[in-house]
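Residues per chain, in single letters:
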Amino acid sequence: MRLLLTFLLACWLCTAARAVEPETDPGAHDPTLLIQADRWFVFTTGKGLQRLESSDAGKTWRRLAPVFSEAPAWWADAVPDHKGVDVWAPKLFEHRGRVWVLYSISTFGKNRSAIGLASSDRPDGDWRDEGLVVQSRPEDDFNAIDPDLFVETDGRLWLSYGSFWGGLRLTELDAKTLRPIGQTRFIARRKGGIEAPTIVRHGDWVYLFASYDLCCKGAQSTYNIRVGRARSAEGPYLDRDGKDLMDAGATPLLGGGMRWKGPGHQDVVGDWLVHHAYDTQRGGKPHLRIKRLSWSADGWPVIPQEE
């Protein structure tokens, strides 16, 4: 009987650790979305890398246990000032029969940063760290955070990333190792603030979504989402007026409203755009926001504006 009680208690503790009561408006920052049939998963910035699960198309969410309970050893070498298990800006995707997440470790306002990789057989399962993908140092003209993965129709994989410094960068990944190969190039830049690239294909065009201006200031955040497009992942990306995103171009897509400020750090999955915005009715805290994309007759994304 004692053994049975011990077993039941362990099961209860495991379940309690993995999920809490459903949330209709969950706190989230830098979300990424993966849809598997009727189950939606969102991973976000936070302690250990936060995980949310929904079984009703995003109406309510359960918060699962974080991906990391302790820091992999390589983090300390790549980013010596990084503390604890604070993990930023994930990108969740499926590849070769597994689920993968690219993630960032850094310290605020510095470009001694790194993008790591982890994998699992399912989003709500146990994860193993797969090591370093790319890093940046103080002498570099880029910041290795905010990763995104784009899979082209020909099967080639492209990693984009970047925040401030020289702008957004692009490199091809080896499909087996998921490590950079070939040339790395800048694809967008803007002195006033640019980060968090997302690349997707729609029809004959490849679109680059990015977050402009400033996040992380609560209700004072000025984040907004803008977009450009190109004929291939390698660019050049131009806005609706034909201005190159390397020359601070980009067409506005989503800005803040009266209640929701600073929408940004988007992910695009099918016709869904997931992002965070800061809620003025809740002390300026960041919350998960999901909107459906539509497309104009001339091939530009359209989305309902924030309230």
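See the structure printed just above.
This one's a predicted model, so the numbers in the text were calculated from it and none came from an experiment.

Peer 1: Outline the pairing of strand β6 (residues 86-95), supporting the account with residue identities and numerical values.
Peer 2: In the case of a regular strand, side chains alternate between the two sheet surfaces. Counted residue by residue, β6 has eight buried out of 10 residues, so it is predominantly covered. The pairing of strand β3 (residues 46-47) with β6 spans two bridges and is classified as antiparallel. Among the inter-strand pairings, glycine 46 is bridged to a residue of β6, identified as valine 87. With six bridges connecting them, β6 and strand β7 (residues 98-105) associate as antiparallel partners. For histidine 95, the partnering residue across the bridge sits in β7 and is arginine 98. Adjacent in sequence and paired antiparallel, β6 and β7 are bridged by two residues, among which arginine 96 carries a positive phi angle near 55 degrees.

Peer 1: Please set out the side chain of histidine 275 residue by residue, giving values where relevant.
Peer 2: The topology assignment puts histidine 275 in strand β19 (residues 272-279). For histidine 275, a relative accessible area of 0% corresponds to the buried category. Engagement of the side chain of histidine 275 in a polar contact is seen with the side chain of glutamate 306, the distance being 2.7 Å. Setting aside its immediate chain neighbours within four residues, histidine 275 contacts Pro31, Ile225, Leu254, Pro263, Gly264, His265, Gln266, His287, Leu288, Arg289, Lys291 and Glu306.

Peer 1: Let's hear about the environment of lysine 217: which residues, and what values?
Peer 2: Checked against the element boundaries, lysine 217 lands in the loop between β15 (205-212) and β16 (224-230). C-alpha separation for the pair lysine 217 and lysine 261, spaced 44 residues apart in sequence, amounts to 9.7 Å.

Peer 1: Can you lay out the pattern of salt bridges for me, pointing to particular residues and giving the numbers?
Peer 2: All told, the structure shown has 21 salt bridges when counted by the stated rule. Of the charged contacts in the structure, one is a salt bridge between arginine 122 and aspartate 121, with a shortest N-O distance of 3.8 Å. Looking at arginine 122, the relative accessible area reads 41%, which means it is partly exposed. You can call aspartate 121 exposed: its relative accessible area is 53%. Through salt bridges with shared partners, a single network forms among Arg39, Glu53, Arg62, Asp121, Arg122 and Asp124.

Peer 1: For the pairing of β15, give the residues involved together with the corresponding values.
Peer 2: Counting buried residues in β15 gives seven out of eight residues, a clear majority hidden from the surface. Of the pairings in the sheet, the one linking strand β14 (residues 194-202) to β15 comprises seven bridges and is antiparallel in character. If you follow histidine 202 over to β15, its bridge partner there is tryptophan 205. Counting the residues between successive antiparallel strands, the hairpin from β14 to β15 contains two residues, one of them, glycine 203, with a positive phi of roughly 65 degrees. Relative to β16, β15 runs antiparallel, the two sharing seven bridges. When the sheet's bridge partners are listed, tyrosine 207 is paired in β16 with arginine 229.

Peer 1: Mind laying out unusual backbone geometry, listing which residues take part and the relevant values?
Peer 2: For the bond from glycine 235 to proline 236, the omega torsion is 5 degrees, close enough to zero to count as cis. Its location among the elements puts proline 236 in the loop between β16 and β17 (251-254). Within the chain, alanine 37 stands out as a residue other than glycine whose phi angle is a positive 55 degrees. The topology assignment puts alanine 37 in the loop between β1 (32-36) and β2 (39-44).

Peer 1: With reference to specific residues and values, describe the sheet that holds β1.
Peer 2: Taking strand neighbours across the sheet as the criterion, the four strands line up as β1-β2-β4-β5 in an open arrangement whose pairing is antiparallel. The sheet is open, and its two edges are formed by β1 and β5 (62-64), each paired on a single side. Going across the sheet, the axis of each strand differs from the next one's by a mean of 25 degrees, ignoring polarity. With five bridges joining them, β2 and strand β4 (residues 50-54) adopt antiparallel strand pairing. In the sheet register, phenylalanine 41 faces β4, and the bridge partner there is glutamate 53.

Analysis parameters
Residues numbered from 1 in each chain as written. Predicted model: local features only at pLDDT ≥ 70, side-chain atom pairs only at ≥ 80, totals over all residues. Heavy atoms only, no water. Buried < 20%, exposed > 50% of the residue type's maximum accessible area, 1.4 Å probe, protein only. Helix = DSSP H or I, 4+ residues; strand = E, 2+ residues; numbered from the N terminus. Pairing = 2+ DSSP bridges. Polar contact = N/O pair within 3.5 Å; in protein donor to acceptor, adjacent residues only side chain to side chain. Contact = heavy atoms within 4.5 Å. Salt bridge = Lys/Arg side-chain N within 4 Å of Asp/Glu carboxyl O. Axes fitted to C-alpha atoms, helices over the stretch in contact; angles between N-to-C directions.

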